Amino acid sequence: MVTNNEILEQLQKYRYLDLKYETGNIFGSMCTKPHPMTLEIIKMFYETNLGDPGLFKGTKMLEEESISIIGKLLNNPEAFGYIISGGTEANITAMRLFNNMSKSNVNSTNNTDKIVKSSNIIIPETAHFSFDKSKDMMNLNLIRPPLTEYYTSDVKWIKDYVEDTISKKGENYVSGIVGIAGCTELGTIDNINELSKIGYENGIPLHVDAAFGGFVIPFLEDKYKLKNYNYDFDFKLEGVTTITIDPHKMGLSPISAGGIIFRNKNYKTYLDIEAPYLTETLQATILGTRTGVGAATTWGLLNLLGKEGYAKITNECMEKTAYLTRKLKENGFETVIEPVLNIVAIKDENAKETCNKLKEKGIYVSVCRCTNALRIVIMPHLEFEHLDNLINNLCDVNKK
Ligand code: PLP
């Protein structure tokens, strides 16, 4: 019989092969080393199942309280939602909501000619690939507006498109709009203010993907904000229906902890599926059995760190972002845009090749899809010396 220790020793060998955040060579990840307190929380909640909340009433309360705290952070004391597996599940949930809302709108008009086979969703070119998964699952039709020179969705184009299609094809034609607050590749923020107005005035729901930016934007010090840039993204804007915000990115929670926040609880009815053998007989989440660890770690960190703690973490990352940007310029590199959040994209015609050369040196960066560039995410595990090391290696592979 194999012993516990032997199993642990074998696991250790596999674990040894993984990269570690603290060595400072992971530059392309939106996750980071979780806060150390969460280790204790994981132990305490490892057997909990929020798929059957009547059995885990305390854990369910932690989820509700976490949503309420995040809701207030996002200017909405009425917020409803779930701590789920991550940004992908949150975005798919929002698309499921919009798809179901549009089907129910069409059904309620009783006009069979109008039955929507695939919902039309306006979605930025810079959106995360989780929306492509939603498209696959729900047969969505994704409409991609052009990008502005700032790599944000062109709101004028969207306004014209919405008004045009409403006049030609009827008011149910566009089922939803998506805006990104902190896009994966560049960290840009769409003009959510304008998107909200377009959505609100035309009765179209708006989803904001702030999976990354949600735990950054509310804490940014003014000195890190770009002039004439619109940072509004939350429920203060009346057109915003849902927001994705992930504790397991800049929230410092361990994986899996994502957040989907609805403006209010009424939206749940569009997602509910009967779950007759469970303690709560209507279930709105995509996953059935789901861990309560994310809700507990999120609650722990929201209460431990508070706004002040998150502001400190955010602004330290922004300071390092400014440092990296300055050093890159001094060494002859150019960035794609002035960084908006703690993401730096470095222009590089041969980005993939550079990325591979850096990997050979043990440095892990990623590449952008929307332009030829390397992508560096300045997460809390990165120190100034790691950034210096990155620049030295970049100079080396570029022979600058
Ligand atoms: N949305 C944005 C803006 C992201 O950057 C990411 C991941 O990087 C996601 C959604 C998907 O999140 P996850 O990987 O937690 O599913």
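Just so it is clear, the model here is predicted, and its values are computed rather than measured.

### Considerations on the sheet that holds strand β10 (residues 343-347)
Strand pairing within a sheet occurs via backbone hydrogen bonds; the two strands may be parallel or antiparallel. As summarised here, the arrangement of the 3 strands in space is β10-β12-β11, forming an open sheet in which the pairing is antiparallel. If you trace the sheet from one side to the other, it starts and ends with β10 and β11 (366-367), each paired once. One ladder, built from 2 bridges, connects β11 with strand β12 (residues 373-377); its direction is antiparallel. Residue pairing across strands places Ser366 opposite Arg375, the latter belonging to β12.

### Concerning the site of the ligand
Surveying the vicinity of the ligand reveals 13 residues, the closest of which are Thr88, Thr184, Asp209, His248 and Lys249. Between Gly87 and the ligand, the recorded distance is 3.0 Å, taken from a backbone N or O atom to an oxygen atom. Take Asp246: an N or O atom from its side chain is 3.5 Å from an oxygen atom of the ligand. About the coverage of the ligand: the protein hides 83% of its 390 Å² of free accessible area. Sort the elements by how many residues they give to the shell around the ligand and helix α4 (residues 87-109) lands first, with 3 residues. Taken together, the residues that form the shell around the ligand break down as 2 nonpolar, 8 polar and 3 charged.

### A few points about the domain arrangement of the protein chain
Partitioning the protein chain into domains gives domain 1 (13-36 + 307-398) and domain 2 (38-302). Here domain 1 and domain 2 have C-alpha centroids that lie 27 Å from each other. Between domain 1 and domain 2 the total buried area reaches about 3200 Å² when both faces are included, carbon and sulfur atoms providing 68% of it. The largest contributions to the domain 1 side of the interface with domain 2 come from Tyr310, Val340 and Leu341, which together make up 22% of the buried area. The interface formed by domain 1 and domain 2 includes 1 salt bridge. Two residues, Glu185 and Arg369, come together in a salt bridge whose shortest N-O distance is 3.4 Å. Viewed at the interface, domain 2 and domain 1 are joined by 12 residue pairs in polar contact (both at pLDDT 80 or more). Among the elements of the structure, α8 (293-330), β10 and β12 are those that each provide at least two residues to the side of domain 1 that touches domain 2.

Rules used throughout
- Residues numbered from 1 in each chain as written.
- Predicted model: local features only at pLDDT ≥ 70, side-chain atom pairs only at ≥ 80, totals over all residues.
- Heavy atoms only, no water.
- Pairing = 2+ DSSP bridges.
- Helix = DSSP H or I, 4+ residues; strand = E, 2+ residues; numbered from the N terminus.
- Near = heavy atom within 4 Å.
- Polar contact = N/O pair within 3.5 Å; in protein donor to acceptor, adjacent residues only side chain to side chain.
- Areas by Shrake-Rupley, 256 points an atom, 1.4 Å probe, with all protein chains shown as cover.
- Nonpolar A, V, L, I, M, F, W, Y, C, P; charged D, E, K, R; others polar.
- Domains from an automatic or database assignment.
- Buried area = accessible area lost by both parts, 1.4 Å probe.
- Salt bridge = Lys/Arg side-chain N within 4 Å of Asp/Glu carboxyl O.

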